[in-house]
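Breakdown of the fold
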Amino acid sequence: MNANVTADEMTAGATDASGSGGRTNFRSERILWGLAAIALSALIAIACFRGVPQLSSLETTINDMQRVMIAPRSEQDKRISVVAFDEKTLTQFPYRSPVDRAFLADLIDALGEAGAKAIVFDVIFDQPTEVEKDEALIDALRRFPGPVVAAWGDQQAGFTAEQSAYILEFAARAEIDLGFAHLVIDDDGIVRRFATRLDGIPKLSMPGVMAKANTGEEPMVTGVIDWFQPSEVGKTLFQQLPAMRVVQFAERDATLNVLKNALGDRIVMIGADLEQRDRHQTSLGVDPRNTRTIPGVVIQAFVLSQLLDGRVVPNASPTVIYALVIAVATIGVTVGLSRWNLGWKALAVVSMLVAYLTIVFFMARAGTYFMPVAPVVAAIFMSFLLAISLDSFLTQRNERFIRLAFSHYLEPAMVDQLADDPQALRLGGDRREMSIIFTDIQGFTTMSEELPPDQLTRLLNDYFDGMSDIIIAHGGAIDKFIGDAVVAHFGAPTPMADHALRALQCAGELDKFGERFRRKNAHLGLGVTRIGVHTGTATVGNFGGRARFDYTAMGDTVNTASRLESSNKRYGTRVGVSQETAEAANALASREDKLPLLQTIGQIMLKGKTKPVTVYTVNNDADEEFVWAYEAAFSMIEVDLAKARTALEELSRANPNDPLVRWHLQRFERGDTGTMIGAA
């Protein structure tokens, strides 16, 4: 990479090319693009979390966690008690459903004696049972001193006309109110919301009827259920008693006072608490300590408690969510388009994220407001990434004058480096790990003496074009052309973690191109392209004087690549790959990013090394099965030379043109043994 222009001249040209008018236009353009990025990132964040079920469910789950796991805990609600039909209660009766109505009559009388204020039956009386027991229940309901609400359903709910008529008849005779027991279940099967009215349904819900009877006001129509957690671990928000125990306590004077203390002046919710009946997943399930499903009657108790208080869950409204998303998108784009160092930009965005999540946590902890999380976090990162991409795009456009000015003087990789950092023109270098490719055409000097100059020029230019395209496509930089030789490096000027993998893959493609080019020009006597690849530490940078310099790599790594290239002549191979390159590339290879087929040449003592290293070749002329068979034969050389020789002879019959099979068999004929095959 030679250039006969000084660093001062280059820097001056860059300064002159960007006048104040250009800077003003560029700044205005950045503002316009920034506004577009804000709008786009905000729109995407809002649309995704409203229109994509999986993302919407994520935000809903986070909201559940705020309300259940972070929000303040509450004392037990002393206005409502739950009396449940559990297994112990139902096993005493000859049939489980409907619940024995004589027992229900006793239960209502017991609640009346205990001083219960009202009753909500999460039970549907949709058919007659035994006449005497039905009449006993109706009489008990009439005797109860407070309001009673029972579950109602019609044909829309799946009941027959006869059942619907019986429900209304029973309620009229018992002088009780009716309300629907329907629960609102989200698409993910979780109960989060309630509704006291449903479209086309003339009645209120059971909690709605009872709340209206107690407050005298119309209850909220819909809302998010306020899942208060009890303040003490192991406690429940509502007192819960087995129905059988209530009846038993009322039968004895000694325990009746206990029952009065427990249920006096309370609204009693009556329903089933059975493992396989009327149980539901709720938002409470986000708490790992409370993963069980909840009986429907308990859910109705939560709703009734909320209606009695008129509590509205302080979730952020859509307007607030949109405003927050737009606000953080504005900040994210502003930071992304700023002239700060990328590290400072990232730190600013992370700090903003931490600050916002801290506010979310403490507001939820206080129970004052539940703020959106997922769409805001998505907007933060999306706007920042969009801005970073936009900044890169606009900066590249603004720096085109550097690329245009220098593309005729320097290699593309060097131009890229100068566009990013013009100060890189200073003389000097640094040591870094990189991979070097060294190529050479066999017999080119002899051929070049026989060809006319114009034909030689066209041939060499076509060859260099093909080789250069492959090197650049794999991310390499062309160090120099030396006659017909090409030197390329990977890992400079731009560092790359996978330089060994790229170099090895590039060598495989260069070998394929070299063979195609040789066959196309075989009539000219063009020889094979030999390639050496090595990975190691080299000194890379600008070397020379102020007027002329060369960006190149120096050191033993470059020399080793050259020696590996020339050693191919000895073994009949076209590509020599060092153990360092093979191991580093193999560590980075994947199913999608495969290595070319590597065939072991043997152990070679490279110049400057104290220990022999294994050297490989790239075999583009055989299939995987052949290479595997060769590797198996090679691995037997140190173990059983006779078997190794037999295996190699079989491979020679299958593929007589393989140079390594032929090389090792010739070695054995000379009496050589082992895998140490010489020095390079």
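The following refers to the structure shown. Note that this is a predicted model, so its numbers are computed, not measured.

1. Some words on the overall build of the protein chain
If you tally the helices and strands in the protein chain, you get 24 helices and 21 strands. Computed over its C-alpha atoms, the radius of gyration of the protein chain comes to 42 Å, more than 25% above the 26 Å expected for a compact globule of 680 residues. The dimensions of the protein chain, computed from C-alpha atoms along their principal axes, are 125 × 80 × 45 Å. Each of the 680 residues in the protein chain was classed as buried or not, and the buried ones make up 48%. Pairs at least 24 residues apart make up 75% of the contacts formed inside the protein chain by residues separated by at least 6 positions. As displayed, the protein chain offers around 33000 Å² of accessible surface, 55% of which is attributable to carbon and sulfur atoms. One way to put it: in the protein chain the 66 positive side-chain charges average out to a point 4 Å from where the 82 negative ones average out.

2. Remarks on unusual backbone geometry
Working note: non-glycine residues mostly have negative phi, and peptide bonds are mostly trans. The phi angle at E175 is positive, at roughly 60°, despite the residue not being glycine. Summarising the element assignment, E175 is placed in the loop between α7 (161-174) and β5 (177-180). What makes E175 exposed here is its relative accessible area of 61%. In this structure, D265 takes a positive phi of about 60° despite not being glycine.

3. Focus on a nonpolar patch on the surface
Together, I31, L32 and L35 make up a nonpolar patch on the protein surface, roughly 330 Å² of accessible area in all. Relative to the elements of secondary structure, L32 occurs in helix α2 (residues 20-51).

4. Description of the sheet that holds β5
Taken in spatial order, the six strands make up an open sheet running β5-β4-β3-β10-β2-β9, and their pairing is parallel. Two strands lie at the open edges of the sheet, namely β5 and β9 (238-242), each paired on one side alone. Neighbour-to-neighbour, the strand axes of the sheet open up by a mean angle of 25°, direction not taken into account. Judged from the five bridges that link them, strand β2 (residues 77-85) and β9 form a sheet pairing that is parallel. Residue pairing for β9: V82 is matched across the bridge by Q240. Together, β2, β9 and β10 (267-272) form the strand contacts of helix α10 (residues 253-263), whose direction differs from that of β9 by roughly 145°.

Quick notes on the rules
- Residues numbered from 1 in each chain as written.
- Predicted model: local features only at pLDDT ≥ 70, side-chain atom pairs only at ≥ 80, totals over all residues.
- Heavy atoms only, no water.
- Helix = DSSP H or I, 4+ residues; strand = E, 2+ residues; numbered from the N terminus.
- Rg over C-alpha atoms; globule rule 2.2 N^0.38 Å.
- Buried < 20%, exposed > 50% of the residue type's maximum accessible area, 1.4 Å probe, protein only.
- Contact = heavy atoms within 4.5 Å.
- Areas by Shrake-Rupley, 256 points an atom, 1.4 Å probe, with all protein chains shown as cover.
- Lys, Arg positive; Asp, Glu negative; His and termini not counted.
- Charge placed at Lys NZ, Arg CZ, Asp CG, Glu CD.
- Patch = residues over 30% accessible without salt bridge, like charges linked within 9 Å, V, L, I, M, F, W, Y side chains within 5 Å.
- Salt bridge = Lys/Arg side-chain N within 4 Å of Asp/Glu carboxyl O.
- Pairing = 2+ DSSP bridges.
- Axes fitted to C-alpha atoms, helices over the stretch in contact; angles between N-to-C directions.

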